[in-house]
Amino acid sequence: MRESPLKANGVGRQHESHVLHNTLVSQPPTVASASGSYIILSTGQRILDGCTGAAVGSIGYGNREVQAAVADQMSKVCYTHTVAFTTTVAEELADMLLEGNSYGLSRAFFVCSGSEATDSALKLARQYYVESNQPQRRRIVARRRAFHGNTIGALSVGSHVARRAPYEGALLLSDTVSYVSPTYAYRDQAEGETEEEYAVRLVEELDAEFQSLGPETVMTFIAEPVGGATAGCLTAPRGYYQGVRRLCDKYGILLLLDEVMCGAGRTGTFFAFEQEGEGVYPDILTLGKGLGGGYAPIAGVLAHEKIISVLQRGSGVFNHSHTYQAHGVSCAAALAVQKVIKRDGLVARAKAKGLWLERALKSTFGPRTYVGDIRGKGLFWALEFVRDRATKTPIEPNLRFTYRMVDEALRRGLTVYPGAGTVDGVVGDHIIVAPPYNASDEEFDELLRLLTEAYEAVESEVGNILGRIPRTKDVNGPGK
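Residues numbered from 1 in each chain as written. Predicted model: local features only at pLDDT ≥ 70, side-chain atom pairs only at ≥ 80, totals over all residues. Heavy atoms only, no water.

1. A closer look at the sheet that holds strand E1 (residues 31-35)
Ordered in space as E1-E2-E3-E13, the 4 strands form an open sheet in which the pairing is mixed. Edge positions in the sheet fall to E1 and strand E13 (414-415), since each of these pairs with one other strand and no more. Taken together, the 3 bridges between strand E2 (residues 38-41) and strand E3 (residues 46-49) define a ladder with antiparallel strand orientation. When the sheet's bridge partners are listed, tyrosine 38 is paired in E3 with leucine 48. (Pairing = 2+ DSSP bridges. Helix = DSSP H or I, 4+ residues; strand = E, 2+ residues; numbered from the N terminus.)

Structure representation (C-alpha cells):
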C-alpha cells in the first residue's frame, strides 16, 4: 500500500481522510459538537464562532426548536419531486418571506446554495427577456471585487481572481460579462470628493458602461448591497443605489441584488437594500446563508411581480429546476430559523449590537499600526490591514497577515473569516467578523478581547519581520 502523502509530508494523522478537503496537504480540525455561539473540537477546545462560518449562523448552533421542526418534517416527508408536488413548509416559508413586503417581490424559488441561487437568478432574468421579445439582451454587467458563487455562471459574474483563475478562457462566460468599479471608498474615493460626488461618479461610470455595450443589449446589473468575501464588507456611498435603480428603470435593465451573505437580517434590516434609500428595490434578489442559519442547505431567489407576470402570460413556466429545490427538510429548517428571528426580534438586535460592534472595533483597532480601514453594517464587519496607513500600501502577500490572524485567533479560541487579495485579487488582507444575531453581551465582549489579543500577537510578529524587510514598490495599492 502506498504511503499517504499527508504522512509523507509529516502533517497527517494516523488515518488519511478520504474527503476531498479544500487543502490536500493537511486535514482540518474535527468539530465534535456545537451549541449556541460555540463549536467544540474533537480535542476538547471550545471556540467562539466569531464569523459563524461564512456569516451563516444567524441564530447560533443547536437550537431545539429548529431541531424539532426538522425532525417533525422528516417524520412526514423529506424529498418530494417539486416539479410535480409542493410541501406545506415550502409554501409557509415563501409566505413568511414575501407577505406584506412593499417591494413587489412576489415569488420565491428555493435551492441548496447561494451559487445555485445566482445561476437560477441569471436564468430567470434571461427567460424574462426572451419572453418579453427582447432576445438581444444577453449581456451582464457586474462589479470588480465581487463574489457571487462558485458554479460556472456565478463565478463568471464574480471577480474573485484566485477562484476564477483555473477556469479563465475555458469555462467562464467571458464574452457576455463586463465589470465596473466596486463601491470601495477606502481606496477609490478621490481626495476631497464628497460621499455624494463619489456616488454620482460611480453611477456615471455604470451609465457609460451601459452606453458602451448598448443598453438594449444589457440583461442585468448584479451587485452585493454589502460586499462579501472578495474585499470584505464594502458598503455603498449614500445615493448610489438610488442612482443605479433610476438607470435600470431608464434602460429597462433588471437589477439583481445578491444578498446571499449580507441579507436575512445580517446588516440590521431583513433585506440589506432597505438601508439604501427611498425607491430602491431589486427585480431579483438572492438570499442564502442566514436564511437557514446553517441548519440545512438552503438559499433562495425572490422575483418581482413584473417578471412573474411576463412568464405567466408567456410560457407559463420557469424553465429551470433542481432535484432538491424546495427540499422539505431544508424549508422546515429555514422556516423555524426565521420564526425564531422574528419572535425574538433578532434583526433589531443585529442592528443594535452592530452599532456596539462598530464603536468597539473602531475604538480598539482604529489607531493600530496595520489597520487601514474598518467597514460594514449590522453584524457584518471587516478589518483591512495595510503596511502603511498613510499610503495605504498593502502588506506583502508572502507575510500572510490574514492567515496569521486566523491562526492566532483560533489558538485563543475564536474564529474569524479570512480574506486575501483584497485590493486587486493578489495583494491585500482583511478579516470579517459576523457573530450570531443572538450572541450574548458577554460573548461580544469575549469576541473583542480575543480578537485584540490575536491582533497584538500578529502586529508584534509582523512588525519584527517588516523591520528587517525594505519596502517594495510592487505592492503599492491605489491611493485615495
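2. A closer look at the confidence of the model for the chain
On average, residues of the chain carry a pLDDT of 94, and 94% of them reach 70 or more. Of the regions scoring below 50 in pLDDT, residues 1-13 engages in 17 contacts with residues more than four places distant in sequence or in other chains. Below pLDDT 50 for its whole length, residues 472-480 participates in 23 contacts with residues either more than four positions away or in separate chains. (pLDDT = per-residue confidence, 0-100. Contact = heavy atoms within 4.5 Å.)

3. Description of the pattern of salt bridges
On inspection of all chains with the given rule, the structure shows 26 salt bridges. Arginine 238 is paired through a salt bridge with glutamate 196; the nearest N and O atoms lie 2.5 Å apart. Linking arginine 238 in the loop between strand E7 (218-223) and helix H10 (240-251) with glutamate 196 in helix H9 (residues 195-213), this pair joins segments that are 42 residues apart in sequence. On the basis of relative accessible area, glutamate 196 is assigned to the partly exposed category, the value being 37%. A salt bridge links glutamate 358 to lysine 362; the nearest nitrogen and oxygen atoms lie 2.9 Å apart. Residue glutamate 358 and its partner lysine 362 are both found in helix H14 (residues 346-365); the two are separated by 4 residues, about one turn of the helix. (Salt bridge = Lys/Arg side-chain N within 4 Å of Asp/Glu carboxyl O. Buried < 20%, exposed > 50% of the residue type's maximum accessible area, 1.4 Å probe, protein only.)

4. Brief notes about the packing of H9 against H10
Two numbers describe how H9 lies on H10: the axes approach to 9 Å, and their chain directions differ by 25°. Judged by the angle between their axes, H9 and H10 are roughly parallel. The hand of the H9/H10 crossing is right-handed. Residue-level inspection shows Ala199, Leu202, Val203, Leu206, Asp207, Phe210 and Gln211 of H9 in contact with H10, the latter providing Tyr240, Gly243, Val244, Leu247 and Tyr251. (Axes fitted to C-alpha atoms, helices over the stretch in contact; angles between N-to-C directions. Parallel < 35°, antiparallel > 145°, perpendicular 65-115°, else oblique. Left-handed = near helix turned anticlockwise from the far one by under 90°.)

5. Section: the sheet that holds strand E15 (residues 429-433)
Spatial ordering of the open sheet is given by E11-E12-E15-E14, a layout of 4 strands whose pairing is antiparallel. Because the sheet does not close on itself, it has two edges, and the strands there are strand E11 (371-377) and strand E14 (417-420). Ignoring strand direction, the axes of neighbouring strands in this sheet form an average angle of 20°. Bridging between E14 and E15 involves 4 bridges; their strand directions are antiparallel. Note on E15: the bridge partner recorded for glycine 419 is histidine 430. Running over the sheet, H14 touches E11, strand E12 (380-385) and E15 and is turned about 15° from E12.

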